[in-house]
Amino acid sequence: MKQQTLIDYYSRRAHEYEHVYHKPERQADLLRLKAHLRCLLKGRDVFELACGTGFWTAAIADGVESILAIDVSKEVLDIARSKNLDSARVSFARGDALNLTGLEGTFTAGFAAFWWSHVPVAKLAPFLEGFHSVLLPGARVTFADNRFVAGSSTPIYRTDETGNTYQLRHLQDGSSYEVLKNFPTAGPLFDAVRPYSDTVDLVEFDYFWCLTYDLKRV
C-alpha cells in the first residue's frame, strides 16, 4: 500500500478511527495495555509517532513529563486536539513517521501505538534508524500493536512477495481500502531491535503486544 493511500484512508476514517477500541472482547486487554504503557513511560519526555486521534496520547498523558505527538493527517489531528489534553504537557504537530529529517528534541522516550504493523518489512530498519535519531541515548522506545486473532481481527486479504500482509477494510461511506497490516511474531520483533539495545522486553496480551527497549548509550 502506497504511503499516500494510507494517509487518505486514515484521513477519511478519522471519525470512525476509535470504533475498533469498542470491541467487547478487547476491553480487558485494553485496560491492561494502558496500565502497562503508563508504567513504562511515566515521567519521561515522550515523542509519539502516528498518534492518530490521540487515543493513546490521552491514555499516557497524565503520567509523562511531556509529550509531542505527530501525525501526517490533519483530520485525525483535529480530533486529537479536540480532546483538550493538558497543553502544558501535551502538544500535537503534523509530521511524517517515515521522514523525520530535521526534527530535533530532547526526548527520553519514543512511542508508537499500532504503527509498526503499517511499516513495510523492507523499510523497517531505516524507519527505526530515523526514529532513534531524534531520541536521546538511553531513551526508552515502546511499540504497541495488534496480534492476529481469528474472529476478532480483519482477515488477511493477501500477502505480497516480500512477506507484507494486507487487509481489505471498508469505511462507512462505502469505500474500500487495501491496507498494509503486518502481524510480526516474537522472533522478528526481537531481531529487528537487538542491534540497538541490550534490554529488550516483549509482553504479549491476548489481542495486543508491547515491545520495549532502552537504546544503547554509545
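The text that follows walks through the structure, step by step, so that each part is easy to find. (Residues numbered from 1 in each chain as written. Predicted model: local features only at pLDDT ≥ 70, side-chain atom pairs only at ≥ 80, totals over all residues. Heavy atoms only, no water.)

Looking at the overall build of the protein
Then, number 1: Looking only at helices and strands, one finds six helices and 10 strands in the protein.
Then, number 2: Against the globule reference of 17 Å for 218 residues, the protein gives a C-alpha radius of gyration of 16 Å, in line with a compact fold.
Then, number 3: By the burial criterion, 50% of the 218 residues in the protein qualify as buried.
Then, number 4: Partitioning the intrachain contacts of the protein with sequence separation of at least 6 by distance along the chain shows that 62% fall at a separation of at least 24.
Then, number 5: Entry remark: accessible area of the protein is about 10,400 Å², with carbon and sulfur atoms responsible for 51%. (Helix = DSSP H or I, 4+ residues; strand = E, 2+ residues; numbered from the N terminus. Rg over C-alpha atoms; globule rule 2.2 N^0.38 Å. Buried < 20%, exposed > 50% of the residue type's maximum accessible area, 1.4 Å probe, protein only. Contact = heavy atoms within 4.5 Å. Areas by Shrake-Rupley, 256 points an atom, 1.4 Å probe, with all protein chains shown as cover.)

Some remarks on the nonpolar core
Then, number 1: Residues Phe-47, Trp-116, Leu-128 and Phe-143 are the most contacted members of the largest nonpolar core, which totals 30 residues.
Then, number 2: For this core, the secondary-structure elements that each account for two or more residues are strand E1 (45–49), strand E2 (66–71), strand E4 (107–113), helix H5 (124–132), strand E5 (135–146), helix H6 (186–193) and strand E10 (208–214).
Then, number 3: Apart from residues lying up to four places away in sequence, Leu-128 is in contact with Trp-116, Phe-143, Ala-192, Val-193, Tyr-196 and Tyr-213. (Core = buried A, V, L, I, M, F, W, Y, C linked by side-chain atoms within 4.5 Å.)

Overview of the sheet that holds strand E8 (residues 176–180)
Then, number 1: Strand order across the open sheet formed by three strands is E6-E7-E8, with antiparallel pairing between neighbours. Two strands in the sheet have a free side with no partner beyond their single neighbour: strand E6 (156–159) and E8. Strand-to-strand, the axes of this sheet are offset by a mean angle of 30°, without reference to chain direction. (Pairing = 2+ DSSP bridges. Axes fitted to C-alpha atoms, helices over the stretch in contact; angles between N-to-C directions.)

Quick look at the sheet that holds E4
Then, number 1: Taken in spatial order, the seven strands make up an open sheet running E3-E2-E1-E4-E5-E10-E9, and their pairing is mixed. Of all the strands in the sheet, just strand E3 (90–94) and strand E9 (200–204) have a single pairing partner and so form its edges. Each strand of the sheet is rotated relative to its neighbour by a mean of 15°, with strand direction disregarded.
Then, number 2: In this sheet, E5 lies alongside E4 in parallel orientation, the contact comprising six bridges. Bridging from a neighbouring strand, Gly-110 pairs with Val-141 of E5.
Then, number 3: Contacting E1, E4, E5 and E10, H5 crosses the sheet at an angle of about 135° to E5.

Some remarks on H5
Then, number 1: Looking at H5, one finds that the buried residues are Leu-124, Phe-127, Leu-128, Phe-131 and His-132. Looking straight down H5, one finds its buried side chains confined to an arc of 125°; they lie on one side.
Then, number 2: Taken together, the buried residues of H5 touch E1, E4, E5, H6 and E10. (Arc of directions from axis to C-beta.)

Regarding H6
Then, number 1: Within the span of H6, buried status applies to Leu-189, Ala-192 and Val-193. When H6 is viewed along its axis, its buried side chains cluster within an angular range of 80° and face the same direction.

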